[in-house]
Amino acid sequence: VQLQASGGGSVQTGGSLRLSCAASGGTFGMYAVGWFRRAPGKDRKFVAAISWRGPGSNTKYTDSVKGRFTISRDNAKNTVSLQMNSLKPEDTAVYYCARSRGISVHTAADQYALWGQGTQVTVSS
């Protein structure tokens, strides 16, 4: 299984972007899926994660994106999306999607075994 992240780009403060993570060669299965980001010169950090169920999925967000970002998944299409609204310059980073080792959402990167390539998000002031 390979994960492909897309949807990054450059926007101004207050703008929106929608990132997508697609699984190829397999499915996300019953695994939770998360998004992480790495800002220039900084460590990779957790952004959001969602468990495998559809409606009623368990989700988790880092505090700095709560109310602005929404994670969702379409198991039939094998995609997980991250809708990012009210973007700020501090959201600038390379964003990565990853499949968890299990069904529960986690914030720690070492709980994710399968990673996609990153997609760049740049927010200008």
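Residues numbered from 1 in each chain as written. Predicted model: local features only at pLDDT ≥ 70, side-chain atom pairs only at ≥ 80, totals over all residues. Heavy atoms only, no water.

Remarks on the packing of aromatic side chains
Applying the stated criterion across every chain yields a total of four aromatic pairs. Measuring from centroid to centroid gives 5.1 Å for F36 and Y112, while their planes differ by 80 degrees, and the two rings are edge-to-face. Linking F36 in strand β4 (residues 33-38) with Y112 in strand β10 (residues 112-115), this pair joins segments that are 76 residues apart in sequence. Taken as a pair, F36 and Y112 share a single burial class, namely buried. Between F36 and W115, the aromatic rings sit 5.0 Å apart at their centres with planes inclined by 55 degrees, giving tilted as the arrangement. Here the residue F36 occupies a position in strand β4, and W115 occupies one in strand β10, the gap between them amounting to 79 residues. With a relative accessible area of 1%, F36 lands in the buried category. The partly exposed category is assigned to W115, whose relative accessible area is 25%. (Phe/Tyr/Trp six-rings, centres within 6.5 Å; stacked < 30°, edge-to-face > 60°. Helix = DSSP H or I, 4+ residues; strand = E, 2+ residues; numbered from the N terminus. Buried < 20%, exposed > 50% of the residue type's maximum accessible area, 1.4 Å probe, protein only.)

What about the nonpolar core?
Core analysis: the largest hydrophobic core is formed by 28 residues, its most contacted members being W35, F69, L82, M84 and Y95. Mapped onto this core, the elements with two or more residues apiece are β1 (2-6), β3 (17-24), β4, β5 (44-50), β7 (69-74), β8 (79-84), β9 (93-100) and β11 (119-124). Per-element accounting of this core gives the leading share, four residues, to β3. Residues in contact with M84, not counting those within four places in the same chain, are G15, S16, L17, L19, R68, F69, Y95 and V121. Judged by nonpolar contacts, the second largest core, of seven residues, contains A32, F46, A98 and Y112. (Core = buried A, V, L, I, M, F, W, Y, C linked by side-chain atoms within 4.5 Å. Contact = heavy atoms within 4.5 Å.)

Notes on the sheet that holds β7
An order of β1-β3-β8-β7 is seen for the four strands of this open sheet, with the pairing classed as antiparallel. The open sheet has two edge strands, β1 and β7, and neither has a second partner. Strand-to-strand twist across the sheet, computed as the mean angle between neighbouring axes with direction ignored, equals 15 degrees. (Pairing = 2+ DSSP bridges. Axes fitted to C-alpha atoms, helices over the stretch in contact; angles between N-to-C directions.)

Side note on the pattern of salt bridges
Under the criterion given, the structure shown has three salt bridges. Residue D63 pairs with K66 through a salt bridge whose shortest N-O separation is 3.0 Å. Judged by relative accessible area, D63 falls into the exposed class, the value being 60%. Ionic pairing is found between R68 and D91, a salt bridge with its closest N-O pair at 2.8 Å. In this pair, R68 sits in the loop between β6 (59-61) and β7 while D91 sits in the loop between β8 and β9, placing the two residues 23 residues apart along the sequence. In this structure, R68 and D91 share a single accessibility class: buried. Residues joined by salt bridges that share partners form a network here, namely R37, R68 and D91. (Salt bridge = Lys/Arg side-chain N within 4 Å of Asp/Glu carboxyl O.)

Digging into unusual backbone geometry
With a phi angle near 60 degrees, N78 is a residue other than glycine that sits in the positive phi range. In this structure, N78 sits in the loop between β7 and β8. Residue classification places N78 among the buried residues on the basis of a relative accessible area of 15%. In this structure, S86 is a non-glycine residue whose phi angle is positive, near 50 degrees. By the element assignment, S86 lies in the loop between β8 and β9.

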